[in-house]
Amino acid sequence: MSFFISCRIVLYSSIILAMAWGSASAQAPASSNANPPDTVAELVAANHVLAKLKLVDAFGHITMRDPTNPQRFFMARGVPPVDVTEKDILVLDLDSNVIDKKAGSAPLEKFIHGEIYKARPDVNSIVHSHSPTVIPFSVSKTPLRPIAHTGAFLLPAVPVYEQRTTAGGASNMMISDQKLGKALADTLGQNTVALLRGHGSVVVAPKVGLAVYRTYFTEVSAQLLLQARQLDGPLTYIYPDEAALANDLRNTGYTRQWDLWKKEMGN
Ligand SMILES: [Zn+2]
């Protein structure tokens, strides 16, 4: 059997398995805390929810690690997230090569995802967003820290990635190759969120729905902090011990919010 045919069989097996999980989960009782493997259907729904929440527009993306092969991930080809269907989902390896080149082209900033998946085995879903309220925190000395429990995952820190350091000067500011993607992954470290100076954010999670939830509450946390800073200070931020307890609760409890968003979108 040729290498090409082997790749095609593995590729189609992955998609069929992921879709089968989707069918199985659709038939399962609506137990909101059940935590089955993510599916391609979940990834499609996540594209729609992110668009509805205005966390992405024509640009920005969410990916999901292949549950059957951790060396690969799923990403929609370069169409607006609100228009994504299962037919748009591509399979990429961790060097961010599209496996089936006839299936279409992945977005330019695919290297964000490949390099973070390489560096973080605990991460199964990544969102890259240009949501507006995080940007001021990427260009000022004010760190993005949570003042509300919903942003507890922002601790211990939200580092800021500076592209000029890696690019050696001016660039178009896109994460357009592996070297830039690796530098971003290094900046993220073991944190959940990193900002890209003058550009946007990356948010990681073990599940697709939790990645969407955290992206939404990263934007909300930025809005709340900007508002609180207009009042008399000093501010009281969420304490690290509180954050750990809040995360324990929301890292599974997010499904109530995630299920609601999907329902509102008809997914
Ligand atoms: Zn971008």
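Up top you'll find the structure we're talking about.
A brief look at the structure comes next. Each chain carries its own residue numbering, running from 1 in the direction its sequence is written. The predicted nature of this model means local features are confined to residues of pLDDT at least 70 and side-chain atom pairs, given and counted, to a pLDDT of 80 or more, with totals for whole chains, interfaces and linings taken over all residues. Each side-chain value is derived from all of the structure's non-hydrogen atoms; neither hydrogens nor water enter the calculation.

Moving on to the packing of helix α2 (residues 40-52) against helix α8 (residues 240-265). Viewed as axis vectors pointing N to C, α2 and α8 meet at an angle of 80 degrees, and their least axial separation amounts to 10 Å. Our classification of the angle between α2 and α8 gives roughly perpendicular. Listed contacts from α8 to E42, A45, A46, H48, V49 and K52 of α2 are W258, W261, K262, E264 and M265. Classifying every residue of the contact of α2 with α8 by side-chain character gives 6 nonpolar, 1 polar and 4 charged. Working convention: axes come from line fits to C-alpha atoms, limited for helices to the stretch in contact. Angles between N-to-C directions cover 0 to 180 degrees. Numbering of helices and strands runs from the N terminus; a helix is a DSSP stretch of H or I covering at least four residues, while a strand is a stretch of E covering at least two. Here roughly perpendicular refers to angles of 65 to 115 degrees, roughly parallel to angles under 35, roughly antiparallel to angles over 145, and oblique to all remaining angles. What makes two residues a contact is simply this: any of their non-hydrogen atoms within 4.5 Å. Amino acids outside the nonpolar list (Ala, Val, Leu, Ile, Met, Phe, Trp, Tyr, Cys, Pro) and the charged list (Asp, Glu, Lys, Arg) are all regarded as polar, and Gly is one of them.

Our next topic: the coordination of the zinc ion. With water omitted from the atoms examined, metal sites may look incomplete; donors here are N, O and S atoms no farther than 2.8 Å from the metal, or 3.2 Å in the case of Na, K and Ca. For the zinc ion, the full set of protein donor atoms is E109 (OE), H128 (NE2), H130 (NE2) and H199 (NE2), at a range of 2.1 Å. Just to be clear on the cut-offs, tetrahedral is four donors with all angles between 85 and 135 degrees, square planar is four donors and octahedral six with opposite donors over 155 degrees apart and all others between 65 and 115, and anything else goes down as irregular. Considering all 4 donor atoms around the zinc ion, angles at the metal cover 92 to 141 degrees and the coordination shape is irregular. Counting gaps between the donor residues of the zinc ion yields the pattern E-x18-H-x1-H-x68-H. Separated by 69 residues along the polypeptide, H130 in the loop between β4 (125-129) and α4 (135-138) and H199 in the loop between β6 (193-196) and β7 (200-205) bring together distant segments of the chain. Partly exposed describes any residue whose relative accessible area lies between the buried limit of under 20% and the exposed limit of over 50%, with all areas from a 1.4 Å probe on protein chains only and scaled to the type maximum. Taking the relative accessible area as the measure of exposure, H130 reaches 29% and is therefore partly exposed.

All right, on to the nonpolar core then. The criterion is simple. A nonpolar core is a set of buried Ala, Val, Leu, Ile, Met, Phe, Trp, Tyr and Cys residues joined through side-chain atoms within 4.5 Å. If you look at the biggest cluster of nonpolar residues, it comprises 41 residues, and the most contacted ones within it are I62, I89, L144, V212 and W258. Counting only elements with at least two residues in this core, the list comes to α2, β1 (61-65), β2 (72-76), β3 (89-93), β6, β7, α7 (208-228) and α8. Broken down by element, the residue count for this core peaks at 9 residues, all from α7. For W258, the contacting residues outside a window of four places in its chain are E42, A45, A46, V49, V208, G209 and V212.

All right, on to the pattern of salt bridges then. A side chain with one charge can pair with a side chain of the opposite charge if their charged atoms come near. Any Lys or Arg side-chain nitrogen found within 4 Å of a carboxyl oxygen on Asp or Glu counts as a salt bridge. Taken as a whole, this structure holds 9 salt bridges when the rule is applied. Between E42 and K262 there is a salt bridge, with the nearest N and O atoms lying 2.5 Å from each other. With E42 in helix α2 and K262 in helix α8, this residue pair connects regions lying 220 residues apart in the sequence. For the pair E42 and K262, a shared accessibility class is recorded, and that class is buried. Through salt bridges with shared partners, a single ionic network connects E42, D259 and K262.

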